[in-house]
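A closer look at the structure
Chain by chain, the residues run as shown.
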Amino acid sequence: MAQPRIGVFVCHCGRNIAGTVDVEALTEEAARIPGVVFSTHYDYMCSDPGQEMVSRAVRENRLNGIVVAACSPGMHEETFRHAAQSAGLNPYLVEMANIREQCSWVHRGPAATDKAGRILATVVEKAKGNLPLEPAKMGHSDKCLVIGGGVAGIQAALDVANSGYEVLLVERSPSIGGRMAQLSETFPTLDCSQCILTPKMVEADRHPNIRILSNSEVEEVSGFVGNWNVRIRKHATFVDQEKCNLCGDCVEACPVRVSNEFEEGLTDRAGIYIPFPQAVPSSYTLDLNACLGLAPLRCSECAEACEAGAINYDMQDELLEEEVGAIVVATGYELLPKESMGEYGYGEIPDVISGLEFERMASASGPTVGEIRRPSDDKVPKEVVFIQCSGSRDPELYKPYCSKVCCMYTAKHALLYQHSVPDGQAYVFYIDIRAGGKGYEEFVQRVMEEDRVLYLRGKVAKVFQDGDKVMVWGTDTLTGQRVEVAADLVVLAQAITPSAGIVELARKLRVSVDEHGFLKEAHPKLRPLEALAAGVFLAGAAQGPKDIPDSVSQGSGAAAKAVRLLSAPELVHSPEVAEVAEDLCAACGICAPQCPYEAITVEDTAEVNEMLCEGCGTCVAACPSGAMNLRNLADPQVMAMLRAALKEREEAEIAGG
Amino acid sequence: MAEQKHEPKIAAFLCRWCAYAGADLAGTNRVAYPPNMIPIRVPCSGRVEPSWVIEALRSGADAVLIGGCHPGDCHYVSGNYKARRRMSLLQKVLKELGVEPARLKLTWVSASEGMRFAQVVRDYVEEVRALGPYHGEFGVPRELHEVEENVGQLVRQAVSHG
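Residues numbered from 1 in each chain as written. Chains lettered and ligands numbered in written order. Predicted model: local features only at pLDDT ≥ 70, side-chain atom pairs only at ≥ 80, totals over all residues.

1. Here's the deal with the overall build of chain A
- If you tally the helices and strands in chain A, you get 18 helices and 34 strands.
- The principal-axis extent of the C-alpha atoms belonging to chain A is close to 95 × 65 × 45 Å.
- Here chain A holds 657 residues, and the buried ones make up 50% of them.
- Sequence-distant contacts, at least 24 apart, represent 70% of the contacts inside chain A between residues at least 6 apart. (Helix = DSSP H or I, 4+ residues; strand = E, 2+ residues; numbered from the N terminus. Buried ≥ 20, exposed ≤ 12 C-beta atoms within 10 Å, placed from the backbone. Contact = placed C-beta atoms within 7 Å.)

2. Considering the overall build of chain B
- Of regular secondary structure, chain B possesses six helices and four strands.
- Along chain B, helices (α) and strands (β) appear in the sequence β-α-β-α-β-α-β-α-α-α when read from the amino end.
- Looking at chain B residue by residue over its 162 residues, the buried ones come to 57%.
- Contacts in chain B between residues at least 24 apart in sequence constitute 81% of all its contacts with a sequence separation of at least 6.

3. Points about the sheet that holds strand β7 (residues 166–170) of chain A
Residues and elements named next belong to chain A.
- The sheet built from five strands is open, its strands ordered β10-β7-β6-β18-β29 with parallel pairing. The outermost strands of the open sheet, each flanked by one partner alone, are β10 (210–213) and β29 (536–538). Mean inter-strand twist for the sheet, computed between neighbouring axes without regard to direction, equals 20°.
- Of the pairings in the sheet, the one linking strand β6 (residues 143–147) to β7 comprises five bridges and is parallel in character. Of the residues in β7, the one forming a bridge with isoleucine 147 is valine 170. (Pairing = 2+ DSSP bridges. Axes fitted to C-alpha atoms, helices over the stretch in contact; angles between N-to-C directions.)

4. Remarks on the domain arrangement of chain A
Residue and element names in this part refer to chain A.
- For chain A, the domain assignment lists domain 1 (6–133), domain 2 (159–227 + 323–332 + 500–567), domain 3 (236–316), domain 4 (334–497) and domain 5 (574–631).
- On a C-alpha basis, the centres of domain 3 and domain 4 stand 35 Å from each other.
- Listed by partner, the interface residues are five residues for domain 3 and nine residues for domain 4.
- Here the side of domain 3 that touches domain 4 is composed, by residue class, of two nonpolar, one polar and two charged. (Domains from an automatic or database assignment. Nonpolar A, V, L, I, M, F, W, Y, C, P; charged D, E, K, R; others polar.)

5. Structural notes on the interface of chain A and chain B
- The interface of chain A with chain B comprises 39 residues on the first partner and 40 residues on the second.
- If you list the elements that add at least two residues to the side of chain A that touches chain B, you get α5 (100–104), α6 (110–129), α16 (618–622) and α17 (635–646) of chain A.
- Among the elements that take part in the side of chain A that touches chain B, α17 of chain A stands out by supplying eight residues, more than any other.
- Residues that form the side of chain A that touches chain B fall into these classes: 21 nonpolar, 10 polar and eight charged.

6. Some details on the confidence of the model for chain B
Residues and elements named next belong to chain B.
- In this model, chain B carries an average pLDDT of 86, and 81% of its residues clear a pLDDT of 70 or more.
- Within the model, pLDDT remains below 50 along residues 139–144, and this stretch shows four contacts once partners closer than five positions in the same chain are excluded.
- Predicted complex metrics record ipTM = 0.90 and pTM = 0.74. (pLDDT = per-residue confidence, 0-100.)

7. Quick notes on helix α1 (residues 19–28) of chain B
- The buried fraction of α1 of chain B amounts to nine of the 10 residues, a majority that puts the element mostly inside the structure.
- Positive backbone phi, at 55°, marks arginine 30 of chain B, one or two positions downstream of α1 of chain B.

8. As for the sheet that holds strand β2 (residues 37–42) of chain B
All names here are of chain B.
- With respect to topology, four strands assemble into an open sheet ordered β2-β1-β3-β4, the strand pairing being parallel. Of all the strands in the sheet, just β2 and β4 (104–108) have a single pairing partner and so form its edges. If you compare each strand with its neighbour and ignore which way they point, the axes differ by 20° on average.
- Alignment of strand β1 (residues 10–15) against β2, held across six bridges, turns out to be parallel.

9. Some remarks on the environment of methionine 53 of chain A
All names here are of chain A.
- By secondary structure assignment, the location of methionine 53 is in helix α3 (residues 48–60).
- Methionine 53 sits in the partly exposed class, given 18 other C-beta atoms within 10 Å.
- As a C-alpha pair, methionine 53 and histidine 41 span 12 residues in sequence and 9.8 Å in three-dimensional space.
- In contact with methionine 53, not counting residues within four places along its chain, are Thr40 and Tyr42.

10. Some thoughts on the packing of α17 of chain A against helix α2 (residues 50–58) of chain B
- Running from N to C, α17 of chain A and α2 of chain B cross one another at 30°; their axes reach a closest spacing of 9 Å. As far as their axial angle goes, α2 of chain B and α17 of chain A are roughly parallel. Every pair of crossing elements has a handedness; the one defined by α17 of chain A and α2 of chain B is right-handed. Between α17 of chain A and α2 of chain B, the residues in contact are Val638, Met639, Leu642 and Leu646 of chain A and Trp52, Glu55 and Ala56 of chain B, respectively.
- Partitioning the contact of α17 of chain A with α2 of chain B into residue classes produces six nonpolar, no polar and one charged. (Parallel < 35°, antiparallel > 145°, perpendicular 65-115°, else oblique. Left-handed = near helix turned anticlockwise from the far one by under 90°.)

11. Quick word on the pairing of β2 of chain B
Residue and element names in this part refer to chain B.
- Among the six residues in β2, six count as buried, and that is most of the element.
- On β2, burial covers both faces: Met37, Pro39 and Arg41 on one face and Ile38, Ile40 and Val42 on the other are all buried.
- Handedness of the crossover joining β1 and β2 through α1: right-handed. (Right-handed = clockwise from strand over helix to strand, strands pointing away.)

This is the structure we're talking about:
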């Protein structure tokens, strides 16, 4: 490298620095550091004249590195990088010596000047070792893959598509719509869920930039941000969507009945079916697992009934290979399975149902056309017990976390029940009411006060069948009384869990899941929409339990992140990343498992994918042969920095310290 | 005389996302702490090489402080865990070399813990003051210094894989 020609710019920051640190002495001291060819001080280095001072000094003194001794790099590093760049200096040759937050604001007297001198000397050594760097750039696909067609995925797909980019919306089931399509009304406004969702489904279906792949699953993902290759399996539906005219004759003809998953098992359906009337894409699907046999000799009732000739038993799965630039994962949630809640009789007592079953019952499009009727004998239940936190907030037996939406939907269920059965009585067992959200608390209050729902604070100990009643034993912890309700129907607010298959999908995408299987965000506070793998974004309950407005917001947020990536002419990535000195590398492979981003591959030597590396340097510290380096924080730089930081200083330098 | 007045010197490697930001917050909140610690900003505690600790002690530090993100909060997922493994191994190596393991401290400070950062520095300065000055020699000073070019390398090989 060329001889260092470092410029040092000491900022007074008004009195913030100059009131404590002797800035003149510091400027003189800087001038004595080998390699420093220019040093000055000024009131406010970040002001326009201050920045101009920096630019001019760079030009006039042919500086090949600068150190601004001022505030924290978090404040003004970008400012001075731009100032330097405008004078023709590579921005990665700019360093900040933090003598304000970490010196003048926390120390007093001559010791502050001594420490400022040490900090400055340390950073000058770093500047001397810096190399000019260029951000890595790369072209990319401008297509977006959205996995999961619930409301979060639909919103993400629409926002990306409306920004002018192509979207592949992959949905495992026969229709998009997700959980929201199953819901009756939404809290706290009591909007009809399907009524507000179906326009979005139709918009997605009609959008020229969106291609919906239903009955499809992501099978394999290779590549990296901007340039993924995705293999998608589109399962055969055995119905030609082009020919099918939705007459429904096939359903009439089908002799098979199986449990209807859209209706949460409250009714059954034929082996060939459409999940619900507004399904998108609007087409029938032949359920391979239910069908008596694709061999027409065994049963070909549906094909014979189909006048359009849409049923094709020979249809094969399709494998699609697609290149995409960004991926949004919105795979949604499930409820804790029935068999797990033995103490509440769930799965054994027919009149103990889940919140989603209640949704279907309360839905005008559901099997009871919105009437609340208990499954065992179809009677209208007069006493209904709702049990919150069924499997949530229970670290000993089930899930330690709060499922977040149950307090609100239980209040809504209780309200819908009281409106449907005015002479009935709803009871709600709860631990706490968590009603954080716009209009949420008011809604719960309304349900408690106006709709006469009896809220009982406490847990239910036991639920059992007694004649045609379901006995509920619990405790009201506010009165200390034991409570016994002879209920006609019990509704469990089952804990929310991530969708089945999420762990396998996460593995394919090389993103992490948390201990419960929810997708892990890159940072819980500051990067909640991003997975750790660059270019993978998260939306909806796949990332953690959330309600509709949060899912929609996150869908839009993830879309904005994806569009930011897709709209860039080139992908730009910080060059301050790891690099391998190939002649030193023995391909031992110790580095690769250190990397949380899977940026390192090891063949003849280790190789760092610059676009994936985030520059943490953990691999560098692990490399036993010193072949791995972190650009602009190389080993020799740090060694020189340490020597400068710890140097014995002359009395004069210590300024009487 | 100089011994009696000895002010401990501590080299600190602070991860930019948590401990360094915590130190900035201590500054913003004007929480005073002793000036004995000289900070070096690193991307992650996982970047800190064991040989840096050795070099710091050789260069005149009485102790080395490494500040990272709290477990589970690492900006780079798991760098802090790797730092913890490496540094606990290094403490064992230091002990073998006749250096008090307390001269190396790994701690967690979040970006919101300005008060905690100041307290960590105050406590550690006192702890190091009680240990007394470090004499810049590893038990068998001269011999080791002759091979010191290799010390970093040896330590790196011994403990870096964690």
